[in-house]
Every structure is written in structure tokens, then in C-alpha cells.
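Coordinates in review
Each chain, written out:
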Amino acid sequence: MAKLRYPATLRRLHWLVGLLVIGMLCVGTIMAELEDSPFKFSIYPWHKSVGLLVLILALGFIAARLRLGRQIPAAPAGLAPWERKLAWLTQRLMYLMILVMPLSGYVMAATYPKGQGVAFFGLPLPELLDKSAELSELAHEVHEYSSWLLTLLVLLHIAGALKHRYFDAKDKDVLGRML
């Protein structure tokens, strides 16, 4: 009998990382609009800490996905080849952006000349990079542009899952595999 659902570990990590990523994208968008508000600077440490948590969980998800690969159900038979390719590409680009976002955020914060370093929920992390306005600005641009790409990919991922669940034939449902 074919496997119908992802292993529980992957399902839990999928939803946890997904919710954290959506939350971080929303908070980051709000932070960018706040200019020099004191509120903005009070949420920066939390944004950095949760971003590092997303990185850790995403690495765990990728490792678990590689380890549990044989337990992952095959794509539904009803999907067209272009749908399979788009889903594969979207997922891989999301994984990449979910790694790029916290790494670029870390580099931006760690190299910012006026910055106080990076902490993980209050625990100071070692300073691995020299202060550099140029590198901090480059990391900021990567962080910003990758946030827009990740937002687009997340919306495409959700739209695809909902389309297959509610508008296509039952043999195209992908959402049930992750519930």
C-alpha cells in the first residue's frame, strides 16, 4: 500500500517552520515600515532570535527529510508533469530562501558597525565576522530581496495546496499528505 502521509516528524516541522516563517515575514515587513520607532528597536532582538531558531529548525527539517526520504509519499498520480516540476522547484527555492534569510540577517546584524553583536534569546553569540558597513549593507539587500522572493514562494505553495485540495479532482490532493 502506498504511503499517504509524510512522517510525523516532517509534518510537525513543516507546520512549525511554516508558521514561524510567515510570522517573521509579517514582523519584518512591519519593522521595515516603523522607521526609527522605539518599538522597532525593541522587537529587533526577538526577530533575530526567532530568525536563528528558524534556521536551526529548517536545518533539522532538511536533515530529517534526507534521512526519512524513503518514507515520503510519492506525488499524487493525478498531477501533471508541469505541476510536479513547479512544486519541486518551489519547494527547493523555499528551502534555499529559508536558509538565506536568517544567514543574511545574521551577517547584516553581526557586521553592522554600530551593532552590539547577535544574541540568541539573550545568549550572546560569538562574533565571527568583522564590522563592515559594506558587507552589512549587502547582507541587508540580500535579506530584503530574499524576503520578497520567499513571500512569493510561500503564497505559491499555499495557493497550490489549496487549489489541489478544493478545486481539483481528489487524485491531486497534496494537502492531506501534510495534515
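Let me begin by describing the structure that accompanies this report. Worth saying up front: this structure is predicted, and the values here are computed from it rather than measured. All residue numbers refer to position in the chain's written sequence, counted from 1. Only residues with pLDDT of 70 or above have their local features reported here, since the model is predicted, and side-chain atom pairs are shown and tallied only from 80 upward, although totals for entire chains, interfaces and linings are computed over all residues. Side-chain calculation: all heavy atoms of the structure are included, whereas hydrogens and water are not.

1. Let's talk about the nonpolar core
Most often, soluble globular proteins keep nonpolar side chains buried together rather than apart. Residues enter a nonpolar core if they are buried and are Ala, Val, Leu, Ile, Met, Phe, Trp, Tyr or Cys, with the set joined through side-chain atoms within 4.5 Å. Using a 1.4 Å probe on the protein chains alone, a residue whose accessible area is under 20% of its type maximum counts as buried, one over 50% counts as exposed, and one in between counts as partly exposed. Ranked by size, the top nonpolar core spans 26 residues in total, and within it Leu-10, Val-21, Val-54, Ile-98 and Leu-150 carry the most contacts. Labels follow the DSSP assignment, with helices taken as runs of H or I lasting at least four residues and strands as runs of E lasting at least two, numbered in each case from the N terminus. When residues of this core are traced back to their parent elements, those giving at least two are α1 (8–33), α2 (38–67), α3 (81–111) and α4 (133–166). Counting 5 residues, the second-largest nonpolar core is a separate cluster that includes Leu-52, Tyr-106, Ala-109 and Val-118.

2. Details of the environment of Phe-120
Along the polypeptide, Phe-120 turns up in strand β1 (residues 119–120). Residue classification places Phe-120 among the partly exposed residues on the basis of a relative accessible area of 23%. Remark: the alpha-carbon pair of Phe-120 and Leu-52, spanning 68 residues in sequence, is separated by 7.1 Å. Contacts were defined at the residue level, with two residues in contact if any of their heavy atoms lie within 4.5 Å. In this structure, Phe-120 is in contact with Ser-49, Leu-52, Leu-53, Ile-56 and Leu-125, ignoring residues within four places of it in sequence.

3. Some points on the pattern of salt bridges
By salt bridge we mean one thing: a side-chain nitrogen of Lys or Arg within 4 Å of a carboxyl oxygen of Asp or Glu. Evaluation of the coordinates by the stated rule reveals 5 salt bridges. One salt bridge in this structure joins Arg-165 and Asp-173, with 2.9 Å as the shortest N-O distance. Connected via shared salt-bridge partners are Glu-83, Lys-163, Asp-168 and Lys-172.

4. Observations concerning a nonpolar patch on the surface
Surface patches are drawn from residues lacking salt bridges whose relative accessible area is over 30%; two like charges belong together within 9 Å, two nonpolar side chains (Val, Leu, Ile, Met, Phe, Trp, Tyr) within 5 Å. Where accessible areas are quoted, they stem from the Shrake-Rupley method and a 1.4 Å probe; at the residue level, only the protein chains shown are allowed to cover. On the surface, a cluster of nonpolar side chains totalling about 530 Å² of accessible area is made up of Ile-22, Ile-158, Leu-162, Tyr-166 and Phe-167. Looking at the nonpolar patch element by element, the count peaks at 3 residues for α4. Residue placement: Phe-167 occurs in the segment after α4. Owing to a relative accessible area of 69%, Phe-167 belongs among the exposed residues under this scheme.

5. What about the packing of α3 against α4?
The contact between α3 and α4 brings their axes to 7 Å, and the two run at 150 degrees. Classified by the angle their axes make, α3 and α4 are roughly antiparallel. α3 and α4 meet at a crossing whose hand is left-handed. Gly is placed with the polar residues, together with every amino acid not listed as nonpolar (Ala, Val, Leu, Ile, Met, Phe, Trp, Tyr, Cys and Pro) or charged (Asp, Glu, Lys and Arg). Residues of the contact of α3 with α4, tallied by class, amount to 18 nonpolar, 12 polar and 2 charged. Between N-to-C directions, angles cover 0 to 180 degrees, with each direction set by a line fitted to C-alpha atoms, over the stretch in contact for helices. For classification, angles of less than 35 degrees are called roughly parallel, those exceeding 145 degrees roughly antiparallel, those between 65 and 115 degrees roughly perpendicular, and all remaining angles oblique. Handedness of a crossing is defined here by the sense of rotation of the near helix relative to the far one, left-handed for an anticlockwise turn of less than a right angle and right-handed for a clockwise turn.

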